[in-house]
Amino acid sequence: MPRPPQEPEFNGALLIDKPAGPTSHDIVDIVRLLYGIKKVGHCGTLDPAATGLLILLLGRATKLSQKLTTEDKIYEGSMEFGKCTDSFDAQGAVTATANVPALDCDVLNTAAKQFTGDVQQQPPMVSAVKKDGVPLYKLARKGKTVEREAKLVHIYSYKFFEYIEPVGHFRVHCTKGTYVRSLAHDLGQSLDCGAHLRTLHRTVSGKFNVQDAMRLEELVKLPDQDLPRRVMSLLELTRLLKPE
């Protein structure tokens, strides 16, 4: 049952370690309804299947959303080679399969280098990017494929640290708006065997780390009186955002 609005209103940030399943907006709604907080927003959408750091802003801190959303991100994930999907991840329908060549971390890291630095990246058809006002995923559901405008992103590093055929485990440091699904797909294409993203976990966003985040199952059981100690104050948040 939703709790009555909190007094005084919380103003600050709440770091959540998002589980696979719910959308980022689902997490916002849970916090808003569970704790009676009127203004709640998030910084940087995670796909439902993705996990990891989700920054929630409460009260007056929601005005800092644009600043926090533009911060660089670090992800860890896994991709499966030899299989392409229409969404570029494990949730999509398989569109092609191929034999996987002899791969190891050295081969993968050599191939991944071409996707570092400034990269023109084309969004997947299954994405929220809009074409003539219509989200691409809605067109994809109708079996349509349209031209998508590439956008410039920057990949600081893209490295594999484990490979167990046919799955490689990697870490990527990138600017906001990067589609890691597209990185997986494009790398698979460059190796002539195809690939798709299997798992994705956001570990860092700007100066925030998932190690400092609270798991959702812990949040929903948290007594009202314990919530304030888990909220980063607006003053502390503002200090973190000051240029060094």
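These figures come from a predicted structure and were not determined experimentally. (Residues numbered from 1 in each chain as written. Predicted model: local features only at pLDDT ≥ 70, side-chain atom pairs only at ≥ 80, totals over all residues. Heavy atoms only, no water.)

*Asks:* Sorry if this is basic, but what is going on with the side chain of Ser205 here?
*Replies:* On the secondary structure map, Ser205 appears in strand β12 (residues 195-205). When near neighbours in sequence (up to four residues on either side) are disregarded, Ser205 contacts Leu53, Ile55, Leu68, Glu71, Asp72 and Lys73. (Helix = DSSP H or I, 4+ residues; strand = E, 2+ residues; numbered from the N terminus. Contact = heavy atoms within 4.5 Å.)

*Asks:* What am I meant to see in the side chain of His42 here?
*Replies:* Tracing the chain through its elements places His42 in strand β2 (residues 40-43). His42 sits in the buried class, given a relative accessible area of 14%. Aside from chain neighbours lying at most four places away, what touches His42 is Ser24, His25, Val28, Leu54, Ile55, Leu56 and Ser65. (Buried < 20%, exposed > 50% of the residue type's maximum accessible area, 1.4 Å probe, protein only.)

*Asks:* So what exactly am I meant to see when it comes to the layout of surface pockets here?
*Replies:* By rolling a water-sized probe across the atoms, one finds the places where empty space is left. Space inside the second largest pocket adds up to approximately 170 Å³. Along the walls of the second largest pocket sit 13 residues, with Ala13, Leu15, Asp212, Arg230 and Met232 positioned nearest its centre. Every element with two or more residues in the lining of the second largest pocket is listed here: β1 (12-18), β13 (208-209) and β15 (232-233). It is β1 that provides the largest number of residues to the lining of the second largest pocket, a total of three residues. Of the residues assigned to the lining of the second largest pocket, the class counts are seven nonpolar, two polar and four charged. (1 Å grid on protein atoms, 1.4 Å probe; cavity = no way out; pocket = protein on both sides within 12 Å on 5 of 7 lines; lining within 4 Å. Points joined across faces, edges and corners; volume = space filled by probe spheres on them. Nonpolar A, V, L, I, M, F, W, Y, C, P; charged D, E, K, R; others polar.)

*Asks:* So what exactly am I meant to see when it comes to the environment of Glu147 here?
*Replies:* With respect to the secondary-structure elements, Glu147 resides in the loop between α4 (136-141) and β10 (151-164). Taking the relative accessible area as the measure of exposure, Glu147 reaches 63% and is therefore exposed. Distance in space between the C-alpha atoms of Glu147 and Gln122 is 9.2 Å, their sequence separation being 25 residues.

*Asks:* Honestly, unusual backbone geometry in this entry has me stumped. Any pointers?
*Replies:* Both trends apply: most residues other than glycine have a negative phi, and most peptide bonds are in trans. Residue Glu165 is joined to Pro166 through a cis peptide bond whose omega torsion reads 0 degrees. Position of Pro166 among the secondary structure elements: in the loop between β10 and β11 (167-174). One non-glycine residue with positive phi stands out, namely Phe88, at about 70 degrees. Along the chain, Phe88 falls in the loop between β5 (83-85) and β6 (94-97). What makes Phe88 buried here is its relative accessible area of 10%. Here Asp192, not a glycine, exhibits a phi torsion of approximately 60 degrees, which is positive.

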